[in-house]
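# Structural features, examined
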Amino acid sequence: MEQIISAVGVLDKALTILYSIEERPKSLVELVEATGYSRATAHRLAGALELHGLLRRTAEGRYAMGFRVLSLGRSAERSFPLAESALPALEQLVATTAESAQLYVRDGERRVCVAAVESSHGLRTIVERGAALSLTAGSGGMALAATSDDDAWFDSVAQREPGVASVSAAVWIGGQVVAAVGVSGPIERLTSSPGELHGQAVVLAAKAISVASRS
């Protein structure tokens, strides 16, 4: 897995352990394989994270996200009210397009999903809140890189994931792009030109989120 390197090596290693179980719990052997650390190092760091409540042990003895992470996540949400104020617009966007809607913000060289509403279709795109995706693949990354507030939408087809299409627009507040809102779903429904189908709806959602954030 990709490792983030800062000037504090022990912190980098501890967080790499934490990130390695983001998708599913892992045994100590799997932690060693995922991080490349020695068994002793992985065990020591995992034990320290467990002591702080950031990791816990499952009934099978695997390392999983600790309950302290839930508390930190709720605190992060409270400190970012845009995600909550955007929900009505996301729900309306899903009702209009029948596709899953997401709100992304930029976090360094990634985009992070801070709010999402799923489509009712059995075959749909699911992006979990907190999921970190590439800035260089997908319409959400394009929207976050927008340079002018000109009602533009951006679409992509099979860039981020095979079989998935999306269309997004930038959310502007005070002359700055603060987020990207979009819908995504299977190419079979969104076609090879998803912007022609849902571009206007996404732009309207972006404007609604901008207005809601100021009220």
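Up top is the structure these notes are about.
Within helix α6 (residues 87-97) the residues assigned to the buried category are A89, L90, L93, V94 and T97. Taken end-on, α6 shows its buried residues confined to a sector of 140 degrees, consistent with a single buried face. When the buried face of α6 is taken as reference, the exposed residues oriented beyond 90 degrees from it are P88 and A95. Considering only its buried residues, α6 is in contact with β3 (100-107), β4 (110-117), β8 (176-186) and α9 (194-213). Of the residues flanking the end of α6, it is A98, one or two places downstream, whose phi is positive at about 65 degrees.

On to the nonpolar core, then. Counting 25 residues, the largest nonpolar core has L90, L93, L103, V171, V181, V202 and I209 as its most contacted members. Breaking this core down by element, the ones donating at least two residues are α5 (82-85), α6, β3, β4, β7 (164-173), β8 and α9. Here this core gets six residues from one element, more than from any other, and that element is α9. Counting residues in hydrophobic clusters, the runner-up holds 14 residues, among them A14, A46, L54 and L55.

The next subject is the pairing of β4. By the criterion of burial, β4 is predominantly enclosed, with six of the eight residues buried. Where β3 and β4 come together, seven bridges link them in antiparallel fashion. Residue pairing for β4: R106 is matched across the bridge by R111. As consecutive antiparallel partners, β3 and β4 are separated by two residues, and within that stretch G108 has a phi angle of approximately 65 degrees, a positive value. Of the strand pairs in this sheet, β4 and strand β5 (residues 132-134) are connected by three bridges, and their pairing is antiparallel.

Reading the values: rules and limits
- Residues numbered from 1 in each chain as written.
- Predicted model: local features only at pLDDT ≥ 70, side-chain atom pairs only at ≥ 80, totals over all residues.
- Heavy atoms only, no water.
- Buried < 20%, exposed > 50% of the residue type's maximum accessible area, 1.4 Å probe, protein only.
- Helix = DSSP H or I, 4+ residues; strand = E, 2+ residues; numbered from the N terminus.
- Arc of directions from axis to C-beta.
- Contact = heavy atoms within 4.5 Å.
- Core = buried A, V, L, I, M, F, W, Y, C linked by side-chain atoms within 4.5 Å.
- Pairing = 2+ DSSP bridges.

In short, shape yes, function no, at least from these values alone.
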